[in-house]
Amino acid sequence: MQGDGRVIPAEGWVRTRRDSKGVTFLEINDGSTIKNLQVVIDQGFGGFDAVTANLTTGSSVVVTGKLIASPGQGQAVEIAAESIEILGTAPVDEFPLQKKKHSFEFLREIAHIRPRTNSFGAVARVRNAMSFAIHSFFQERGFIYVHTPIITGSDAEGAGEMFQVTTLPLEKVPLVEGRVDFGQDFFGKKASLTVSGQLEGETYACALKNIYTFGPTFRAENSNTSRHLAEFWMIEPEMAFCDITGNMDIAEDFLKYIFAYVLEKCPDDMDFFDSRISKGVIDNLRQIAGSSFKRISYTEAVDQLQKSKASFEFPVSWGIDLQSEHEKFLTEQIYRQPVIITDYPKQIKAFYMKLNDDNDTVRAMDILVPRLGEIVGGSEREADYDRLKNRIVECGLNPDDYWWYLDLRRYGSVPHSGFGLGFERLIQFVTGMQNIRDVIPYPRAVNTLEF
Ligand code: ATP
Ligand code: MN
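What you are looking at is a predicted structure, and each value in this text was computed from that prediction instead of being measured.

Chemist: Provide a residue-level description of the packing of aromatic side chains, including the pertinent values.
Modeler: Both the distance between ring centres and the angle between the ring planes are used here to describe each pair of aromatic rings. Enumeration over the complete set of coordinates arrives at 23 aromatic pairs. Judged by centre distance (5.4 Å) and plane angle (40 degrees), the ring pair of Tyr298 and Tyr344 falls under tilted. In this pair, Tyr298 sits in helix H8 (residues 298–307) while Tyr344 sits in strand E15 (residues 339–345), placing the two residues 46 residues apart along the sequence. Here Tyr298 matches Tyr344 in class, with each residue buried. Counting every residue linked through ring pairs, the aromatic cluster contains Phe137, Phe138, Phe143, Tyr145, Tyr212, Phe254, Tyr257, Tyr261 and Phe419. Over the aromatic face of Tyr405 sits the side chain of Arg409, whose NZ or CZ is 4.2 Å from the ring centroid.

This is how it looks when you write it as structure tokens:
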């Protein structure tokens, strides 16, 4: 925009107002960018007295005036008001966002108003850009976007923590032989919200070669951490004719693409995160986008952790599931960069991961990043019918429940691989925001369901 004297209308919400001798300055913002537009009002102009009392932080206005070069610092142009219309007032003693800095905890209580702050406006714009980048990355590479179901009759991971979906009357649940009679429920069987679209995704990969899903997933985890939500978005690509190395290559390319995209498309918002939320976040992303991730096996990771002689809350030995403290130590202290860990013990991974020849480890690959730990979990999938069936049984699951999944290994089985990436964890990493509840508009977690 140039300050060429054009008369234009500008709409927005008043962020701040400052009165000095004969002149009032407004900062208004319409959410399109983190930068405010400065409005200069000559207090002598006709109509000023009529609006002045209601021209407060939070009110919505349409200002018409000349766009001129700004003599002040911090902006190239400003508007010299010729008329001001207040569309909606925001009484000073009631509107919760006054000029002082508010804590993120407080802002969570007014999640319907928080997008009007700098931080949450920036998060919303970056989240939008990243969503678009996710589709761009896969579409440019010929991946087909598949919509996997949200209500499911199967448990992808073979582990609990699912939300049940039912129309049975909870105050009088029908029973047969002391157990809930799901035959009378809506679907005639037990139903849940999906924890992952992977299994259905695999069926489409085994027909269309490269697919991805990007949608909401649900986990009834009772963990009150800054990295877990009950409802979060997951990106799950699945590639046929692809082994674990191809899987790692795509995951790494994907992350770098997203980082580079955000740095290019959201420079003002990223400057804000860098200066106000997490110092160095831009340099960090730039560096990661331009380097190769470290790739090590689980066995090597355990060796390194043991050799470090660091004291951990959870002691390290071969076979343990890596805890957040171990993941952080690997990425922040030992390698100081993202690390891909492969070949985990089969006991700590899901039944569908391809068994290695050693019979002890599976072709899993997790990507760990500094500050957050795991953001990607993936694997090459077991493509052999008998081995898969054995693993299902070994994991205490019923092969009959997986008949259609097993069919993929009966007809035209191919090596295939994929991964799951939590979208909110990725946004946390990109923005430096500390709490996952602040990178999704309306967080759902234990005892959190206002709005
Ligand atoms: P964690 O150990 O951190 O709980 P996980 O092993 O349960 O993760 P996966 O089942 O592999 O995770 O899910 C794939 C990805 O989904 C994870 O890498 C993470 O980015 C994300 N994710 C998992 N659980 C949650 C959650 N409750 N809230 C937000 N994102 C999640
Ligand atoms: Mn988990």
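Chemist: Report on the side chain of Thr24, specifying residues and quantitative values.
Modeler: The topology assignment puts Thr24 in strand E2 (residues 23–29). Separated by 2.5 Å, the side chains of Thr24 and Asp19 make a polar contact. Within the structure, the side chain of Thr24 is placed 2.7 Å from the side chain of Gln43, a separation counted as a polar contact. Excluding its chain neighbours within four sequence positions, the residues that come into contact with Thr24 are Arg17, Arg18, Asp19, Val39, Val40, Ile41, Gln43 and Phe48.

Chemist: Give me the lowdown on the sheet that holds strand E18 (residues 416–422), citing residues and values where you can.
Modeler: Within the open sheet, the eight strands sit side by side as E6-E12-E13-E18-E17-E16-E15-E14. Their pairing is mixed. In this open sheet, the two strands that pair with only one neighbour each are strand E6 (144–145) and strand E14 (294–297). Note: strand E16 (residues 361–369) against strand E17 (residues 373–380), six bridges, orientation antiparallel. The residue of E17 that forms the bridge with Met365 is Gly378. Across the face of the sheet, helix H12 (residues 423–431) comes into contact with strand E12 (210–218), strand E13 (231–240), E16, E17 and E18 while running at roughly 60 degrees to E18.

Chemist: Break down the site of ligand 1 for me, with residues and values.
Modeler: The full set close to ligand 1 counts 15 residues, and Arg219, Glu221, His228, Leu229 and Glu374 are the nearest of them. Within the contact set of ligand 1, a nitrogen atom lies 2.5 Å away from a side-chain nitrogen or oxygen of Glu221. At 2.9 Å, a backbone N or O of Leu229 approaches a nitrogen atom of ligand 1. For ligand 1, whose unbound accessible area comes to 590 Å², protein coverage reaches 81%.

Chemist: Report on the pairing of strand E1 (residues 4–20), specifying residues and quantitative values.
Modeler: As paired strands, E1 and strand E4 (residues 60–69) are joined by eight bridges and run antiparallel to one another. Across the sheet, Glu11 pairs through a bridge with Val62, a residue of E4. Two strands pair when backbone bridges link them, and E1 and E2 are joined in this way by seven bridges, in the antiparallel orientation. In the strand pairing of E2, Val14 is matched with Ile28. Between E1 and E2, which pair antiparallel and follow one another directly, the connecting turn spans two residues, one of which, Gly22, has a positive phi of 75 degrees.

Definitions and cut-offs
Residue positions are given per chain, counted from 1 along the sequence in the order it is written. A letter from A marks each chain and a number from 1 marks each ligand, given out in the order of writing. Local features in this predicted model are restricted to residues whose pLDDT is 70 or higher, and side-chain atom pairs enter the listing and the counts only when it is 80 or higher, whereas totals over whole chains, interfaces and linings include all residues. The side-chain figures draw on all heavy atoms in the structure; neither hydrogens nor water molecules are used. Note on ring pairs: Phe, Tyr and Trp rings are taken, using the six-membered ring of Trp, and paired if centres are within 6.5 Å. Classes follow the plane angle, with under 30 degrees stacked, over 60 edge-to-face and the rest tilted. Under the DSSP-based scheme used, a helix requires at least four consecutive residues in state H or I and a strand at least two consecutive residues in state E, with every element numbered from the N terminus. Summary of the burial criterion: residues with accessible area below 20% of their type's maximum are buried, those above 50% are exposed, and those between are partly exposed, where the area comes from a 1.4 Å probe applied to protein chains only. A ring is scored as having a charge over it whenever the NZ atom of a lysine or the CZ atom of an arginine sits within 6 Å of its centre and within 35 degrees of its normal. Counted as a polar contact is a pair of N or O atoms within 3.5 Å, where, for protein atoms, one must be capable of donating a hydrogen and the other of accepting one, and residues adjacent in sequence contribute only when both atoms are in side chains. Contact definition: two residues touch when any of their heavy atoms are within 4.5 Å. In this description, strands pair whenever DSSP reports at least two bridges between them. To obtain an axis, a line is fitted to C-alpha atoms, over the contacting stretch when the element is a helix, and the angle between two such axes runs from 0 to 180 degrees between their N-to-C directions. Nearness of a residue to a molecule or strand requires only that one of the residue's heavy atoms be within 4 Å of it. Values of accessible area rely on a 1.4 Å probe in the Shrake-Rupley scheme; residue burial ignores everything except the protein chains shown.

Remember, this is a structural readout, not a statement about activity or role.
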